[in-house]
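Chain residues, written in single-letter form:
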Amino acid sequence: VALHDHFSNCFMFFRLSDGENACASDIGVDVCASCIARHHPTLRMTVDAIAAALVGRNATYRNELSAADRLLALSEAQCRDTRPLPIMRGLNIEALPLSPPEVRVEPRVPSRMPGATLRLVSWGSLVPGKGFHVLLEAITRLADPTRVTIDHFGRILDEEYRTRLDQYRVRVRFEVHGTFDAAALHRKAPEYDLAVFPSAFSETHGYVVDEAIVLGLPVVVSDRGAPKDRIGSRGVAFPSGDAARLAPILAGFLADPACRARLREGLPRLGPPIGAHVDAR
């Protein structure tokens, strides 16, 4: 059984009931039921009915996982998050990291003045849990937010959230581009100084981090989930959801352009080649 996300132990996939804080390992089904009712009102079930259904669901998943010859997770971080959960307790869960993408791009040296501005890029689905608002909030805390620009690429899955982001336009220069062509992103990658992925989700892998690294970009990630374990000296992690802690990191990149160059030369901890990944299965 390959556990690519947290669906086996969370109907909402990411164990993030309030949108910001990770759920405790000993959370009760009553809390889970309230979360499901809030996010899926079309179920037309009472919280008690959902809780009763969850008890049965958990028992079924436990039986299925117990019968597996091997349980494979995508990262050690996923193992750490999963092993303490009641449904998983006592099961042997192995980490089998994914392989990085094979496309590699040599970044060009930007023609603009080094350090004059900081150009950021982020991509992935646009939902609150991915934390794009945390990045915008951090930029507003800089002495001169106009020196930073950011482009976001990815499907807009929450239009209300997209509209809420407009409040930051007073001080932050950013664009939300929606769906994008991967080849176009490869071409544009050399225009950016950093890729930033401020996800609040407990990402089991975070493939966008690998994509940024093979595109030649340094990365900034939140400290939740798997990405922080793979960035090595190619990136920096900050406490998830903490714009106040992210702001000085960005300010440092503005004040010391050489820091960007050092990160760009840093060594990440990418997974094994695809052949080794397949053989290990």
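Description of the sheet that holds strand β5 (residues 148-153)
If you trace the six strands from one edge of the open sheet to the other, you get β6-β5-β4-β7-β8-β9, paired in parallel fashion. Lying at the two open borders of the sheet, with one neighbouring strand each, are β6 (173-176) and β9 (235-238). Geometrically, the sheet is characterised by an average inter-axis angle of 20° between neighbouring strands, direction not taken into account. Pairing of strand β8 (residues 219-222) with β9, which is carried by four bridges, proceeds in the parallel orientation. In the sheet register, Val220 faces β9, and the bridge partner there is Val236.

Regarding the confidence of the model for the chain
The predicted model of the chain averages 89 in pLDDT, with 95% of residues at 70 or higher. Per-element confidence in the chain is highest for helix α4 (residues 132-140), whose mean pLDDT is 98, and lowest for helix α11 (residues 274-280), whose mean pLDDT is 78. Across residues 108-113, where pLDDT falls below 50, the model places eight contacts with residues more than four positions away in sequence or in other chains.

Quick look at the pairing of β6
Residues Phe174 and Val176 point to one face of β6 and are all buried, whereas Arg173 and Glu175, pointing to the other face, are not buried. Two strands pair when backbone bridges link them, and β5 and β6 are joined in this way by four bridges, in the parallel orientation. Looking across to β6, one finds that Ile150 is bridged to Phe174. Crossover handedness for the path β5 to helix α5 (residues 159-164) to β6: right-handed.

Focus: the layout of surface pockets
Approximately 820 Å³ is the volume attributed to the largest pocket. What lines the largest pocket is a set of 35 residues, among which Cys10, Met12, Arg15, Leu16 and Cys35 lie closest to the centre. Of all the elements in the fold, those that place two or more residues in the lining of the largest pocket are α1 (29-39) and α2 (47-67). With six residues, α1 is the single largest residue contributor to the lining of the largest pocket. Tallied by class, the residues present in the lining of the largest pocket amount to 20 nonpolar, nine polar and six charged. In this structure, the second largest pocket encloses a volume near 350 Å³. Lining of the second largest pocket is provided by 20 residues; of these, Trp123, Gly124, Ser125, Lys130 and Val208 occupy positions nearest its centre. Listing elements by their share of the lining of the second largest pocket, those giving two or more residues are β4 (118-123) and α7 (207-214). Broken down by element, the residue count for the lining of the second largest pocket peaks at four residues, all from α7. Residues of the lining of the second largest pocket, tallied by class, amount to ten nonpolar, six polar and four charged.

Quick look at the pairing of β4
Judged by how many residues are buried, β4 sits mostly within the fold: five of six residues are covered. Where the polypeptide runs from β4 across α4 and back to β5, its parallel neighbour, the crossover connection is right-handed. Relative to strand β7 (residues 194-197), β4 is paired through two bridges, and the arrangement is parallel. Considered in β7, the bridge of Val121 is made with Ala195.

Some points on the packing of α4 against helix α9 (residues 243-255)
Contact geometry for α4 and α9: axes closest at 8 Å, N-to-C directions at 60°. Regarding the angle of α4 to α9, the classification is oblique. Judged by the twist between their axes, the crossing of α4 over α9 is right-handed. Residues Val134, Leu135, Glu137, Ala138 and Ile139 of α4 form the contact with α9, whose participating residues are Ala243, Leu246, Ala247 and Leu250. Class assignment for the residues of the contact of α4 with α9 results in eight nonpolar, no polar and one charged.

Reading the values: the criteria
Residues numbered from 1 in each chain as written. Predicted model: local features only at pLDDT ≥ 70, side-chain atom pairs only at ≥ 80, totals over all residues. Heavy atoms only, no water. Pairing = 2+ DSSP bridges. Helix = DSSP H or I, 4+ residues; strand = E, 2+ residues; numbered from the N terminus. Axes fitted to C-alpha atoms, helices over the stretch in contact; angles between N-to-C directions. pLDDT = per-residue confidence, 0-100. Contact = heavy atoms within 4.5 Å. Buried < 20%, exposed > 50% of the residue type's maximum accessible area, 1.4 Å probe, protein only. Right-handed = clockwise from strand over helix to strand, strands pointing away. 1 Å grid on protein atoms, 1.4 Å probe; cavity = no way out; pocket = protein on both sides within 12 Å on 5 of 7 lines; lining within 4 Å. Points joined across faces, edges and corners; volume = space filled by probe spheres on them. Nonpolar A, V, L, I, M, F, W, Y, C, P; charged D, E, K, R; others polar. Parallel < 35°, antiparallel > 145°, perpendicular 65-115°, else oblique. Left-handed = near helix turned anticlockwise from the far one by under 90°.

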